Amino acid sequence: MSKAMLIINPSSGKELGKKYAEFAEGTLAQRFATVDVRFTEKELDATEFARTASHEHYDAVVAMGGDGTVNEVITGIAEQDHRPTLGIVPLGTVNDLARALHIPTDARDAISVLEDAPIRPFDIGKYGSHYFMNVIAVGLIADAVEEVSVEQKTSLGSVAYFIEGLKAFKDHSPYPLILRAKEKTFDGETPLLIVSLTNSVGGFESFAKDARVDDGLLHVFLVKQLGFFDALQALPKLLTGDLSNADQIEYFTTTEVEIESDETLSINADGDTAGELPITVRVLPQHLNVIAPTS
Ligand SMILES: Nc1ncnc2c1ncn2[C@@H]1O[C@H](COP(=O)(O)OP(=O)(O)OP(=O)(O)O)[C@@H](O)[C@H]1O
């Protein structure tokens, strides 16, 4: 008999989770014989619930919350032998994975998709014991995220990061970084390094426009050392995906990359700070399955 676990973060996205809990449970009941609902109370609850769902051979685990909640659920199932199919009801500010998977960003529409959308594979990434589903950033964006207040994030969404990013370009000196991949090595200074699995980064859907959720690749963007005015030119190109002739940006794809620095630099994974350099980042190709429309 098929069973699904619905994991809801009631604090995500202006507490929409509570409002839509019943509708989501009812919709999932059209597809699965049993639906168990769990509400998170604190950090790592979603990981624990998802791990239990794996151990107990659930067919699906649906994450209802922001990117933080989706990341926690993925962390709970990623290492297991039995990995339930993922479902996502995005309630956060950014919702990059949902965007990349063509899952509607409206909660009600996203729930409706769970009733009959196909199941398809997607890549995740790993460094140390951390998993990520969208993006790793070192430098500028990592700093910008730290500086965006909850109020700014709620009212301005992705634009808040953009504004803080511009400020960070002006105020911060670049970071010394060493990058080693089969395809390319770099030893120098950069204001920003981004390693992306999906096209959508920070809510900007054409950021890594060639990235596909199941292409088995890490898309690496390295911004070269810039003056402020060069930076002003480079940022819109980053955000609109117009990178083909952007000489301020080094772009390549790989499956594994080592990143280190002489300085202590923290890493931002999927919007939250998680760990420090040095790291080796690997893609786990088509490691998980997700209920999501194909276009
Ligand atoms: N019941 C709860 N009350 C308060 N915080 C919670 C609760 N359950 C989980 N959390 C915390 O919420 C964090 C995840 O929040 P999440 O990213 O899903 O939502 P969000 O902040 O609204 O989304 P976004 O970051 O996209 O704006 C978890 O890391 C966890 O620490």
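Calculation criteria
- Residues numbered from 1 in each chain as written.
- Predicted model: local features only at pLDDT ≥ 70, side-chain atom pairs only at ≥ 80, totals over all residues.
- Heavy atoms only, no water.
- Pairing = 2+ DSSP bridges.
- Helix = DSSP H or I, 4+ residues; strand = E, 2+ residues; numbered from the N terminus.
- Axes fitted to C-alpha atoms, helices over the stretch in contact; angles between N-to-C directions.
- Buried < 20%, exposed > 50% of the residue type's maximum accessible area, 1.4 Å probe, protein only.
- Contact = heavy atoms within 4.5 Å.
- Polar contact = N/O pair within 3.5 Å; in protein donor to acceptor, adjacent residues only side chain to side chain.

A. Up close: the sheet that holds strand E7 (residues 135-139). Read across the sheet, 6 strands follow the order E12-E11-E10-E7-E14-E15 without closing on themselves; strand pairing throughout is antiparallel. Because the sheet does not close on itself, it has two edges, and the strands there are strand E12 (249-254) and strand E15 (272-276). Sheet twist, expressed as the average angle between the axes of neighbouring strands with direction ignored, equals 20 degrees. Here E7 pairs with strand E14 (residues 266-269) via 2 bridges, running antiparallel. The partner of Ala-137 across the bridge, within E14, is Asn-268.

B. The environment of Leu-86, seen in detail. Within the secondary structure layout, Leu-86 lies in strand E4 (residues 85-90). Leu-86 sits in the buried class, given a relative accessible area of 0%. Expressed as a C-alpha distance, the spacing of Leu-86 and Ile-74, which sit 12 residues apart in the sequence, is 8.0 Å. Setting aside chain neighbours within four positions, we find Leu-86 in contact with Val-61, Val-73, Ile-74, Phe-122, Asn-289, Val-290 and Ile-291.

C. Expanded view of the side chain of Thr-27. In this structure, Thr-27 sits in helix H1 (residues 16-29). On the basis of relative accessible area, Thr-27 is assigned to the buried category, the value being 5%. Here the side chain of Thr-27 touches Phe-23 through a polar contact of 2.8 Å, landing on its backbone oxygen. Residues contacting Thr-27, with those up to four places away along its chain left out, are Ile-111, Ser-112 and Glu-115.

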